[in-house]
Amino acid sequence: QVQLEELGGGLVQAGGSLRLSCAASGRTIGSMGWFRQALGNERGFVAVIKWSGGSSVYAGYVKGQFTISRDNAKNSAYLQKNNQKPEDTAIYSCAEGVGYSGSWAEDYDYWGQGTQVTVSS
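Residues numbered from 1 in each chain as written. Predicted model: local features only at pLDDT ≥ 70, side-chain atom pairs only at ≥ 80, totals over all residues. Heavy atoms only, no water.

### As for the sheet that holds strand 7 (residues 66-71)
Phase 1: The strand order across the open sheet built from four strands is 1-3-8-7, with neighbouring strands paired in antiparallel fashion. Looking at which strands have only one partner, the edges of the open sheet turn out to be strand 1 (3-7) and strand 7. Each strand axis lies, on average, 15° off the axis of its neighbour in the sheet, ignoring direction.
Phase 2: In this sheet, strand 8 (residues 76-81) lies alongside strand 7 in antiparallel orientation, the contact comprising six bridges. Counterpart to Thr-67 in the pairing with strand 8 is Gln-80. (Pairing = 2+ DSSP bridges. Helix = DSSP H or I, 4+ residues; strand = E, 2+ residues; numbered from the N terminus. Axes fitted to C-alpha atoms, helices over the stretch in contact; angles between N-to-C directions.)

Written out as structure tokens, the structure is:
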């Protein structure tokens, strides 16, 4: 059983930076993805990274805004974004997929509780 915990959410001013972390307990295999859900919107894919090798894929709309990384020694994955904007306000969730994991939430087997990020203008 894998448990995931997101850390690093909170209130940030527009233009500021935010780094979210996701700590995984238990084994880490497959991939770690990040999703976000703004109020009134569906949950959307942001990025995913493989634990082995570190290759990553980003959602098209990200356009270089986000950076996903991982630290295998710490069983942790990270999501960094500079120049935060009010439209980045959302609940950010990490998820681990044992097999192939892409942009579909159904690809993932374990989910964290999510962390709220609020960007003030």
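### A look at the pattern of salt bridges
Phase 1: Tallied over the entire structure, the rule returns two salt bridges.
Phase 2: Across the pair Asp-88 and Arg-36 runs a salt bridge whose closest N-O atoms are separated by 2.9 Å. Placement of Asp-88 in the loop between strand 8 and strand 9 (90-97) and of Arg-36 in strand 4 (residues 31-37) is noted, with a sequence separation of 52 residues between them.
Phase 3: Overall, the relative accessible area of 3% leaves Asp-88 in the buried class. (Salt bridge = Lys/Arg side-chain N within 4 Å of Asp/Glu carboxyl O. Buried < 20%, exposed > 50% of the residue type's maximum accessible area, 1.4 Å probe, protein only.)

### Quick notes on empty space enclosed by the protein
Phase 1: Scanning all chains against the criterion turns up one cavity of 30 Å³ or more.
Phase 2: Lining the largest cavity are Leu-18, Leu-20, Phe-66, Leu-79, Gln-80, Lys-81, Gln-84, Tyr-92 and Val-117.
Phase 3: At the level of elements, strand 3 (18-25) and strand 8 are the ones that each hand at least two residues to the lining of the largest cavity.
Phase 4: For the lining of the largest cavity, the element with the most residues is strand 8, which contributes three residues.
Phase 5: Among the residues making up the lining of the largest cavity, the classes are represented as six nonpolar, two polar and one charged. (1 Å grid on protein atoms, 1.4 Å probe; cavity = no way out; pocket = protein on both sides within 12 Å on 5 of 7 lines; lining within 4 Å. Points joined across faces, edges and corners; volume = space filled by probe spheres on them. Nonpolar A, V, L, I, M, F, W, Y, C, P; charged D, E, K, R; others polar.)

### Quick look at the side chain of Ser-31
Phase 1: On the secondary structure map, Ser-31 appears in strand 4.
Phase 2: If sequence neighbours within four positions are ignored, Ser-31 has contacts with Val-48, Ile-49, Lys-50, Trp-51, Ala-95, Glu-96, Gly-97 and Ser-101. (Contact = heavy atoms within 4.5 Å.)

### Description of the nonpolar core
Phase 1: Counting 31 residues, the largest nonpolar core has Leu-4, Leu-20, Met-32, Trp-34, Val-46, Leu-79 and Tyr-92 as the members making the most contacts within it.
Phase 2: Those elements that place two or more of their residues in this core are strand 3, strand 4, strand 5 (44-50), strand 7, strand 8, strand 9 and strand 11 (115-120).
Phase 3: The dominant element in this core, judged by the number of residues it contributes, is strand 5, at five residues.
Phase 4: If we ignore the near neighbours within four places in the chain, the residues touching Val-46 are Trp-34, Phe-35, Arg-36, Val-57, Tyr-58, Ala-59, Tyr-61, Val-62, Phe-66 and Leu-79. (Core = buried A, V, L, I, M, F, W, Y, C linked by side-chain atoms within 4.5 Å.)

### A word on the state of the cysteines
Each disulfide is one covalent bond, formed between the sulfur atoms of two cysteines.
Phase 1: Summed over all chains, the structure comprises one disulfide.
Phase 2: Linked covalently through their sulfurs, Cys-22 and Cys-94 form a disulfide whose S-S length is 2.0 Å. As the torsion about the S-S bond is roughly 60°, the Cys-22-Cys-94 disulfide counts as right-handed. With Cys-22 in strand 3 and Cys-94 in strand 9, the pair connects residues that are 72 residues apart, well separated along the chain.
Phase 3: Judged by relative accessible area, which is 0%, Cys-94 ranks as buried. (Disulfide = S-S within 2.5 Å.)

Geometric values such as these leave the question of function open.
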